[in-house]
Amino acid sequence: MTNRDLLSIAHEFGSPVYVYDASKMASQYKRLTQAFEKVAKVRINYAVKALSNLSVLKFLHSLGAGMDTVSIQEVKLGLEAGVPPSHIIYTPNGVSLEEIEKAVTLGVQINIDNLSILEQFGTLHPKIPVCIRINPHVMAGGNTNISVGHIDSKFGISIHQMPHIKRIVENTGMNINGIHMHTGSDILDVDVFLYASEILFEAAKHFNDLEFIDFGSGFKVPYRPGDVETNVEEFGEKLSKRFNTFCENYGKQLTLAFEPGKFLVSEAGKFLVKVNVVKQTTSTVFAQVDSGFNHLIRPMLYGSQHDIHNISNPDGKERFYSVVGYICETDTFANNRRIKEIREGDILAFHNAGAYCFTMSSNYNSRYRPAEVLWHQDKAHLIRKREIFEDLVRNQIKVDL
Ligand SMILES: *Cc1c(COP(=O)(O)O)cnc(C)c1O
């Protein structure tokens, strides 16, 4: 996707618009599977919540990916995209027993993350195979917002509760076919991941009928030049070796599973916005764009640093800007950022806009959610229309008072 391609997409479909490059998703998928090519059975379940457009799900499934889902609605999206239920794992947390039973009727793999539901489910449905989500209590990354394996986390069943898990499994006679962990979103250090994996291997030894071990995700991708990213190749080599040894000792070839979201789609995405106003103040120059945290909230929610490029003026002189939105709220995308000279009407491209961008968008300020475009084999395919006024009022009821 060149700057010219992006500009023509902004011209054709308007702004703001999300654009996803299929070839980047494919190369990331290939990179991950190649890193684990020494393991006989590998399953990559794409984390739907990162980017849940049906055409994206269809494309990733065509590469061989299954789906990792966290709500019954995501399960339905996966099925709607044509993914067979056997390739969908349902990994919710804190949902009702009824929702889990609904997922059972849709035929997908169930993953349970608390003892209460495990006991209730095992009592009612001892024959349905279940995966257990373990919390290994490994602190990954530095930001507690995105570390879900540590001691205070709400996710998973504590590894220290293994005796209780075993008692429930024995009492109910339920079938545990998988064991799972998802330690956090940003793993910088392969050894931290491997350390958590050892805890999962220990836990796995307690169950005789496993079919898979699911290592969740946590692959870190670069957002800015110089960012540290997970060394997937080194990780693949080390974990593959360890996994194969485990399977030998276990006496059965298990499937090694992952659930990457960000790794597969983050870098494939660009968010294109138009500069409405360039505003000089006494302290800075604001570039005000036709978007805000209603369309891209990660910088405000997590402090994420998305690279921003002025694709309308790639050869311009660099100047310092604060890039902000147009909603009535402080919605700063970037502070004091060096960007090629910005003129009103220019199109800016936010990088790493594939994961957790569109899926976190809202209608705040009664603005429309943007269009989405999939770039595939040098062609732009509209995969979601921009909203219109009817979308804002569709479910509202004007009562006579
Ligand atoms: C969000 C999530 C993932 C994906 O995490 P990424 O950091 O996007 O790769 C995987 N597994 C579970 C259970 C999740 O909730």
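Keep in mind the model is a prediction, meaning the values are calculated, not measured. Going along each chain's sequence as written, the residues are numbered from 1 onward. In keeping with the model being predicted, local features are shown solely for residues with a pLDDT of at least 70 and side-chain atom pairs are shown and tallied solely at 80 or more, while totals for entire chains, interfaces and linings include all residues. Side-chain numbers come from the whole structure's heavy atoms, not from hydrogens or water.

A.B. asks: Got a sec to walk through the packing of aromatic side chains? Specific residues and values, please.
C.D. replies: Note on aromatic contacts: the rings of Phe and Tyr and the six-membered ring of Trp form a pair at centre separations within 6.5 Å, being stacked when their planes are under 30 degrees apart, edge-to-face when over 60 apart, and tilted otherwise. Applying the stated criterion to the full structure yields 21 aromatic pairs. On the numbers, 5.0 Å between centres and 55° between planes, the contact of Phe36 with Phe258 is tilted. Taken as a pair, Phe36 in the loop between α2 (22-35) and β2 (42-47) and Phe258 in strand β10 (residues 255-258) lie far apart in primary sequence, 222 residues in all. Phe258 carries the same exposure label as Phe36, and that label is buried. Ring centres 4.9 Å apart and planes at 70° place the aromatic pair Phe333 and Phe350 in the edge-to-face group. A run of H or I in DSSP counts as a helix once it spans at least four residues, and a run of E counts as a strand once it spans at least two, with each numbered from the N terminus. Burial classes follow relative accessibility: with a 1.4 Å probe on protein chains only, a residue under 20% of its type's maximum area counts as buried, one over 50% as exposed, and anything between as partly exposed.

A.B. asks: I'd like a description of the pairing of strand β1 (residues 17-21), backed by residues and values.
C.D. replies: Taken across its five residues, β1 has five buried, putting it largely inside the fold. Strand pairing follows a simple DSSP-based rule, namely that at least 2 bridges must link the two strands. Two strands pair when backbone bridges link them, and β1 and strand β17 (residues 371-376) are joined in this way by five bridges, in the parallel orientation. If you follow Asp21 over to β17, its bridge partner there is Trp375. Summarising the sheet, β1 and strand β11 (residues 269-280) pair through four bridges and their orientation is antiparallel. Bridging across to β11, Val17 finds its partner in Leu272.

A.B. asks: Explain the site of the ligand to me, and be specific about the residues and the numbers.
C.D. replies: Around the ligand sit 13 residues, and of these Lys49, Ser217, Glu259, Lys262 and Tyr356 come closest. For the purposes of these results, a polar contact is taken to be a pair of N or O atoms within 3.5 Å, where, inside protein, one atom must be able to donate a hydrogen and its partner to accept one; residues adjacent in sequence count only when each atom of the pair is a side-chain atom. Taking Asp68, its side chain carries an N or O atom lying 3.4 Å from a nitrogen atom of the ligand. Within the contact set of the ligand, an oxygen atom lies 2.9 Å away from a backbone nitrogen or oxygen of Gly261. Accessible surface area values rest on a Shrake-Rupley calculation with a 1.4 Å probe, where residue burial reflects the displayed protein chains alone. Contact with the protein chains covers 95% of the free accessible surface of the ligand, which is 390 Å². Taken together, the residues of the shell around the ligand break down into three nonpolar, five polar and five charged. Here, proximity means that at least one heavy atom of the residue falls within 4 Å of the molecule or strand. Polar here means any residue other than Ala, Val, Leu, Ile, Met, Phe, Trp, Tyr, Cys and Pro, which are nonpolar, and Asp, Glu, Lys and Arg, which are charged; Gly is therefore polar.

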